[in-house]
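Observations on the three-dimensional arrangement
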Amino acid sequence: MWVLQSPHIVRQTPYQSHLCYTSYVSSKLPVSFVSLNPSGYPIKDIKNSNNNNNQLIQSLCRGGNLKQALEVLCSEPNPTQQTFELLIYSCVQQNSLSDGLDIHHHLVNNGFDQDPFLATKLINMYYELGSVDHACKVFDETRERTIYVWNAIFRALAMVGRGEELLDLYGQMNWIGIPSDRFTYTYVLKACVVSELSVCPLQKGKEIHAHILRHGYEANIHVMTTLLDVYARFGCVSYASSVFGAMPVKNFVSWSAMIACYAKNEMPMKALELFQLMMLEACDSVPNSVTMVNVLQACAGLAAMEQGKLIHGYVLRRGLDSILPVLSALITMYGRCGEISLGQRVFDKMKKRDVVSWNSLISVYGMHGFGKKAIQIFENMIHEGVSPSYISFITVLGACSHAGLVEEGKILFESMLSKYMIHPGTEHYACMVDLLGRANRLDEAIKLIEDMHFQPGPTVWGSLLGSCRIHCNVELAERASAMLFELEPRNAGNYVLLADVYAKANMWNEVKSVKKLLETRGLQKIPGCSWIEVKRKVYSFVSVDEYNPQIEELHALLIKLSTEMKEQGYVPQTKVVLYDLEEEEKEKIVLGHSEKLAVAFGLINTAKGETIRITKNLRLCEDCHAVTKFISKFANREILVRDVNRFHRFRDGVCSCGDYW
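Residues numbered from 1 in each chain as written. Predicted model: local features only at pLDDT ≥ 70, side-chain atom pairs only at ≥ 80, totals over all residues. Heavy atoms only, no water.

Glancing now at the overall build of the protein. The secondary structure content of the protein amounts to 32 helices and nine strands. If one aligns the C-alpha atoms of the protein with their principal axes, the spans along those axes are about 105 × 55 × 50 Å. A buried classification covers 53% of the 661 residues belonging to the protein. For the protein, the exposed area adds up to about 31000 Å²; of that, 53% sits on carbon and sulfur atoms. Each charge class in the protein was averaged separately, 66 positive and 69 negative side chains, and the resulting centres sit 4 Å apart. (Helix = DSSP H or I, 4+ residues; strand = E, 2+ residues; numbered from the N terminus. Buried < 20%, exposed > 50% of the residue type's maximum accessible area, 1.4 Å probe, protein only. Areas by Shrake-Rupley, 256 points an atom, 1.4 Å probe, with all protein chains shown as cover. Lys, Arg positive; Asp, Glu negative; His and termini not counted. Charge placed at Lys NZ, Arg CZ, Asp CG, Glu CD.)

Structure below.
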């Protein structure tokens, strides 16, 4: 196709590529007849070109013969734009950076260095070949910077986590006055979550949100789904929910993103409710494997095994049972619902297993306190030829911690670097501090922290503080909490842990001081919440719950059980109450804890002999642990309680944790 080109008239023709660019014709070209390729970009005047050579080069590229094509290129005085496009594409296919540099050199020598179409192709090529610095050089040397060239460099920088540079360039683009498109906003938003930024990434995300609204992209499903994901990554569930609710059209990606937001921000009930709504209302939105992984994660979070079984059935019907992430999520779901055997069965039937599958199984046995079994699975994985990952060691060291396997854990920790060339990270040190601390080897734990080759983070000091709470070590608790108050001043849980230590030591003035500090900083203790699934419906309870329609019946049952337990030697452990009250008042408070209400609800609303499954968002307190042991014996029931740390299986007055948690 031929178009009369004038310095004052620019023709734009749609360009269909993976970036869906529209085309560009340089206004700097002289008045002449200019050929447009199918992309809509101008092709250099080829009246003197050897068309046969160009066709030969293109044919060789299409056949995968890049070396021969380059030989012909050396003898072609007038290569065309399409020839260079195919050469660049071949370099990516052949994964050859050296050939890419050679072609770039030829391209410059033939006067195509300011062709925005080929500049875009070069930037994409250098990114694909792992040389973003070369991509940046192409961008810097391109004077005609169309939105397509900007988007290409934005994509490259976003994908390698160089968000600071991306955002600086985005500011320059806005200052120049080049309007953004949907791809621009997508890459700029991704920069907020994949990079370490000197500015607050959440604040930057809000600024970009304002740009999106100002320029009328609030109806674009791709942009708004990415924005939703940004808010979800930073735990801003209310913002994400607002974005989702305002979307005029939703597809399965946007539904999945919102489900994932709830599932990953400790709102599993919301995740399941939204999934059910999606299945009812979104007829065009068929859940894919990513959706199912997030829904299974929500089921695991609530120990909602019946719901999980329904999802498992859906996975089988949809033919998603060959997808490794889905199978790994099933293993985790069954394990976190207390059914290790079902998770093991899923694992055993897998035709192919990756390191994530093995990690899932190790984690399941670890959270149930089967540390030696977890180590055995870890060793089996290595024997099968699967190399352990960074996460593998977190799971197996966590398993050692729950089972008190100190020496085994130390050997595994030391083998990370010496045997597997994996440098221990902050999570591994946190596991080791937890392992040593729970075993009351606090001196070793603090020495390990002092010997770390990098500054210990909140997880390390948090592990030490948790151990100090178990063993009532006030001095070390104060040291750990001082570091935590500096590292994460807005985390109310750290203040509560220190207050727990003071309460155990009967240091009530210090308890008041910590509570005053919480109040001064505008922080609130996370309320205890427990969930139980009965007849495929999930019920939630909070401490001293006065809104449940069965609350009077639940209290009556708990008072009756408390009286019977006291006759058998039960003494309420009221030191968990952070108030200096009369003993009778403290007993009333601990009797109203959310997990006790959930247990009572399960006893009333499930069949005799049926297993009761409960999940709690915090650590199981000492009094609830003691009470549940008694109830399991009196009621002749198996009671499964999963708290934030591990699994407790109560049966006939004994807990699987051996009172070590």
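Resuming the write-up.
Now for the pairing of strand β5 (residues 537-542). Across six bridges, the pairing between strand β4 (residues 529-534) and β5 is antiparallel. Residue pairing in the sheet places V534 in a bridge with K537 of β5. Counted between consecutive antiparallel strands, the loop separating β4 from β5 contains two residues, among which K535 sits at a positive phi close to 50°. (Pairing = 2+ DSSP bridges.)

Paired through their backbone hydrogen bonds, the strands of a sheet run either parallel or antiparallel. Taken in spatial order, the six strands line up as β5-β4-β6-β7-β8-β9 in an open sheet, and their pairing is mixed. The strands lining the two open edges of the sheet, one partner per strand, are β5 and β9 (654-655). Of the pairings in the sheet, the one linking strand β6 (residues 612-616) to strand β7 (residues 639-642) comprises four bridges and is parallel in character. If you follow R613 over to β7, its bridge partner there is L640. Across the sheet, helix α31 (residues 594-605) lies against β4, β5, β6 and β7, angled at about 15° from β4, the strand it touches most. (Contact = heavy atoms within 4.5 Å. Axes fitted to C-alpha atoms, helices over the stretch in contact; angles between N-to-C directions.)

Here the focus is the pairing of β4. With six of six residues buried, β4 is to be regarded as a mostly interior element. Burial along β4 is two-sided: C529, W531 and E533 facing one way and S530, I532 and V534 facing the other are all buried. Where β4 and β6 come together, three bridges link them in antiparallel fashion. Bridge pairing links W531 to T615 in β6.

For the rest of this paragraph, the subject is the pattern of salt bridges. Overall, the coordinates contain 27 salt bridges when judged by the stated rule. In this structure, K596 engages D623 in a salt bridge whose closest nitrogen and oxygen atoms are separated by 2.9 Å. Taken together, the residues K596 in helix α31 and D623 in helix α32 (residues 622-634) connect sequence positions 27 residues apart. Accessibility classification places K596 together with D623 in one group, the buried group. The network of salt bridges with shared partners includes R469, D500, K504, R619 and E622. (Salt bridge = Lys/Arg side-chain N within 4 Å of Asp/Glu carboxyl O.)

Attention now moves to helix α26 (residues 474-487). Here α26 contains 14 residues, and its C-alpha end-to-end distance of 20 Å stays within 8% of the 20 Å for a straight helix at 1.5 Å per residue. Those residues of α26 lying buried are V474, L476, A477, A480, S481, L484 and F485. The buried residues of α26 occupy an angular sector of 165° when projected down its axis, which confines them to one face. Set apart from the buried face of α26 by more than 90 degrees, the exposed residues are E475 and E486. In the core, the buried residues of α26 are packed alongside α24 (442-450), α25 (458-471), α27 (492-504) and α28 (508-520). (Expected span 1.5 Å × (residues − 1). Arc of directions from axis to C-beta.)

What follows deals with the nonpolar core. Within the largest apolar cluster, 173 residues are counted, with the highest numbers of intra-cluster contacts made by L87, I153, F154 and L464. The greatest single-element share of this core, amounting to 10 residues, is contributed by helix α7 (residues 147-159). With residues near it in sequence (within four places) discarded, I153 still touches I123, A135, C136, F139 and L169. With 32 residues, the next largest nonpolar core counts F541, A598, L603 and W661 among its residues. (Core = buried A, V, L, I, M, F, W, Y, C linked by side-chain atoms within 4.5 Å.)

This part is about the packing of aromatic side chains. All told, the structure shown has 18 aromatic pairs when counted by the stated rule. Ring plane angle 10° and centroid distance 4.1 Å describe the contact between F485 and Y495, whose orientation is recorded as stacked. Residue F485 is found in helix α26, and its partner Y495 is found in helix α27; the two are separated by 10 residues along the sequence. F485 sits in the buried class, given a relative accessible area of 16%. Consider the rings of Y570 and F630, whose centres lie 5.9 Å apart with planes at 70°: the pair is edge-to-face. (Phe/Tyr/Trp six-rings, centres within 6.5 Å; stacked < 30°, edge-to-face > 60°.)

Let's shift gears to empty space enclosed by the protein. Here the structure, examined in full by the defined rule, presents four cavities of 30 Å³ or more. In this structure, the largest cavity spans a volume of roughly 50 Å³. Lining the largest cavity, in full, are H104, V108, D113, A119, L122, V138, E141 and T142. Sorting the residues of the lining of the largest cavity by element identifies α4 (97-109), α5 (116-128) and α6 (132-141) as the ones contributing at least two each. For the lining of the largest cavity, a count of residues per class yields four nonpolar, two polar and two charged. (1 Å grid on protein atoms, 1.4 Å probe; cavity = no way out; pocket = protein on both sides within 12 Å on 5 of 7 lines; lining within 4 Å. Points joined across faces, edges and corners; volume = space filled by probe spheres on them. Nonpolar A, V, L, I, M, F, W, Y, C, P; charged D, E, K, R; others polar.)

So, about the packing of helix α9 (residues 182-194) against helix α11 (residues 221-233). Direction vectors running N to C along α9 and α11 enclose 10°, while the axes themselves pass 9 Å from each other. Our classification of the angle between α9 and α11 gives roughly parallel. Between α9, through R182, Y185, T186, L189, K190 and V193, and α11, the contact on the second element is made entirely by H222, V223, T226, L227, V230 and R233. For the contact of α9 with α11, the class distribution of residues is six nonpolar, three polar and three charged. (Parallel < 35°, antiparallel > 145°, perpendicular 65-115°, else oblique.)

Together, D580, E582, E583 and E584 line one region of the surface with negative charge. Positionally, D580 belongs in the loop between α29 (551-567) and α30 (583-591). (Patch = residues over 30% accessible without salt bridge, like charges linked within 9 Å, V, L, I, M, F, W, Y side chains within 5 Å.)

This next bit is on unusual backbone geometry. In this model, N506 sits at a positive phi of 55°, which is unusual for a non-glycine residue. Here N506 shows up in the loop between α27 and α28. Looking at N506, the relative accessible area reads 49%, which means it is partly exposed. The residue N636 is not glycine, and still its phi comes out positive at about 50°. Turning to its location among the elements, N636 is positioned in the loop between α32 and β7. Given a relative accessible area of 65%, N636 falls into the exposed group.

To continue, consider helix α21 (residues 390-403). Counted at 1.5 Å a residue, the expected span for α21 with its 14 residues is 20 Å, and the 21 Å between its end C-alpha atoms agrees. Where burial is concerned, most of α21 is hidden: 10 out of the 14 residues are buried. Among the residues making up α21, those that are buried are S392, F393, T395, V396, L397, G398, A399, C400, S401 and H402. Here the buried face of α21 lies against α19 (355-367), α20 (371-383), α22 (406-420) and α23 (426-438). G404 occupies a position one or two residues after α21 and carries a positive phi of about 70°.

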